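# Tertiary structure, described
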Amino acid sequence: MELSELWFILIAVLFIGFFFLEGFDFGVGMATRFLARNQNERTVMANTIGPFWDANEVWLITAAGAIFAAFPHWYATMFSGYYLLMLAVLLCLIGRGVSFEFRRKVEDPRWTELWDWVIFFGSLLPPFLLGILFTSMLKGMPIQKDMNMDAGFSDVINIYSLWGGLTVVLLCFLHGLTFLSLKTEGEIRGRSATLAKKLVWAAMAALAVFAGLSWLMTDIFEVRPVLEPILVVLLLFALGLSRYFISAKRAGMAFAMTGLGIVLTVASVFAGLFPRVMVSSLDKAYHLTVYNASSGAYSLKIMTIAALTILPFVLGYTIYSYYVFRKRVTDKEHLTY
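All of the points below concern the structure found in this document. Because the structure is a prediction, the values reported are computed rather than measured. Residue numbering note: each chain is counted from 1, following its sequence as written. Residues qualify for local features only when their pLDDT is at least 70, as the model is predicted, and side-chain atom pairs are given and counted only at 80 or more; totals for whole chains, interfaces and linings, by contrast, use all residues. The side-chain quantities take in all heavy atoms of the structure and omit both hydrogens and water.

### Focus on the packing of helix α2 (residues 39-49) against helix α9 (residues 186-217)
- Lines are fitted to the C-alpha atoms to define the axes, a helix being fitted only along its stretch in contact, and any angle between axes, read from their N-to-C directions, falls within 0 to 180 degrees. Numbered from the N terminus, helices here are DSSP runs of H or I no shorter than four residues, and strands are runs of E no shorter than two. Remark: α2 packs on α9, axes separated minimally by 11 Å, with the N-to-C direction vectors making an angle of 75 degrees. Looking at the two axes, α2 sits roughly perpendicular to α9. When α2 is examined against α9, the residues E41, V44 and M45 are found in contact with a partner set consisting of E187, I188 and R191.
- Asp, Glu, Lys and Arg are counted as charged, while Ala, Val, Leu, Ile, Met, Phe, Trp, Tyr, Cys and Pro are counted as nonpolar; the rest, among them Gly, fall into the polar class. Taken together, the residues of the contact of α2 with α9 sort by class into three nonpolar, no polar and three charged. Roughly parallel means an angle under 35 degrees; roughly antiparallel, over 145; roughly perpendicular, 65 to 115; everything else is oblique. Contacts: residue pairs with any heavy atoms within 4.5 Å of one another.

Set out below in structure tokens:
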């Protein structure tokens with residue numbers, strides 16, 4: 001395996017980690033409007049992700065930094081071509097982060113309500129926009145010979161990308177609901193499980209349609225004729241199991257299954273891309289690949305040594321933080337966020 005191929009896998013793992021971890025943050029943020037009945041319940045929900053959300057966002061920053069260092073041509077093409085889309089994602093994440101800190105700084109229901117709405121939209125829009133970004137990238141963008149991308153509105157916003165964004169939102173929302181059933185007690189836990197059982201069917205239907213659109217509008221089933229159908233079947237099976245575990249009141253397993261669904265979804269995208277990192281809709285010769293978009297061999301070697309040295313400590317700290325804050329959150333505790 002070449003180092004450029006290894007770094008493509010590492011970047012895929014970083015995005016998988018981001019969507020798995022930040023996915024339930026997004027889902028909880030959406031649930032503050034669909035599930036919570038008052039500000040006190042929204043505060044309980046915010047407290048479930050309070051110790052984690054900022055660390056979870058680091059996975060996205062790390063993935064972007066890894067692309068910049070390992071695949072500078074990919075970074076230049078993607079971040080310039082999707083500039084407005086990524087700016088919108090960044091502003092939403094900033095607004096959501098500020099909201100967690102500001103919502104309880106003033107003892108005024110109108111103040112709290114304002115920031116609660118920012119939390120909701122800051123949780124709803126990023127997965128939708130990132131879903132649009134990755135699915136449009138999978139479908140193919142007008143990348144020219146010089147690796148510049150001159151995309152119009154319909155290149156980014158179309159039936160396939162919009163449905164991809166909707167599918168990601170549903171998966172994150174479902175993941176957040178199973179997280180709430182794992183981390184809360186009482187009525188919130190019960191309502192989370194009830195809504196999650198209903199949402200499973202919508203998520204499975206959305207994924208089935210997305211798989212059909214991918215077969216019609218992309219070449220991923222041609223590139224991976226065996227692997228992609230297997231991933232789709234496993235994905236739908238995992239979501240079906242999540243509903244079973246929700247009904248059986250096994251919240252931990254239900255959360256694991258919705259998380260597995262997100263993992264398989266992101267993995268299917270990167271598997272369909274490889275060895276490309278961006279697909280050109282103009283000419284196959286203009287595809288950006290792990291070979292023509294990567295840094296030099298020496299740079300990749302230094303990066304690999306540094307990553308393998310630091311990564312165990314980062315993972316260890318992350319696991320420890322989740323262990324420390326493993327208890328369920330109730331409205332009887334001190335409400336921080």
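### Observations concerning the environment of F325
- Looking at the secondary structure, you find F325 in the segment after α13 (297-324).
- Three exposure classes are used, based on accessible area relative to the maximum for each residue type with a 1.4 Å probe and protein chains only: buried under 20%, partly exposed in between, and exposed over 50%. By relative accessible area, F325 is classed as partly exposed at 42%.
- The sequence separation of F325 and T48 amounts to 277 residues, and the corresponding C-alpha distance is 8.9 Å.
- F325 has contacts with P51, F52 and K183, leaving out every residue within four places of it along the chain.

### Things to note about the pattern of salt bridges
- Just to be clear on terms, a salt bridge is a Lys or Arg side-chain nitrogen sitting within 4 Å of an Asp or Glu carboxyl oxygen. If you walk through the whole model with that rule in mind, you get eleven salt bridges.
- Between R33 and E113 there is a salt bridge, and its shortest N-O distance comes to 3.0 Å. In this pair, R33 is assigned in helix α1 (residues 3-34) and E113 in helix α6 (residues 109-139), connecting sequence segments 80 residues apart.
- By relative accessible area, E113 is classed as partly exposed at 24%.
- E187 is the partner of R37 in a salt bridge, and the nearest nitrogen-oxygen pair spans 3.9 Å. Of this pair, R37 sits in the loop between α1 and α2 while E187 is found in helix α9, placing the two residues 150 residues apart along the sequence. Considered together, R37 and E187 belong to a single accessibility category, that of exposed residues.
- One connected set of salt bridges, linked through shared partners, spans R33, R42, R103, E113 and D116.

### A closer look at the nonpolar core
- In plain words, nonpolar cores are sets of buried Ala, Val, Leu, Ile, Met, Phe, Trp, Tyr and Cys residues tied together by side-chain atoms within 4.5 Å. Grouped together as the largest cluster of nonpolar side chains are 100 residues, with contacts concentrated most on F15, F19, W74, M78, Y82 and M278.
- For this core, the leading source of residues is α1, giving 15 residues.
- Non-local contacts of Y82, meaning those with residues more than four positions away in its chain, are made with L133, S136, M137, M141, M149, V156 and M278.

### What to know about unusual backbone geometry
- Going from F274 to P275, the amide bond is cis rather than trans, its omega being 5 degrees.
- Here P275 is to be found in the loop between α12 (251-273) and β1 (276-278).
- Phi at M147 is positive, roughly 70 degrees, even though this residue is not glycine.
- Within the element layout of this structure, M147 appears in the loop between α6 and α7 (153-156).
- If you check the backbone angles, K249 has positive phi at about 60 degrees while not being a glycine.
- Inspection of the secondary structure assignment puts K249 in the loop between α11 (227-247) and α12.

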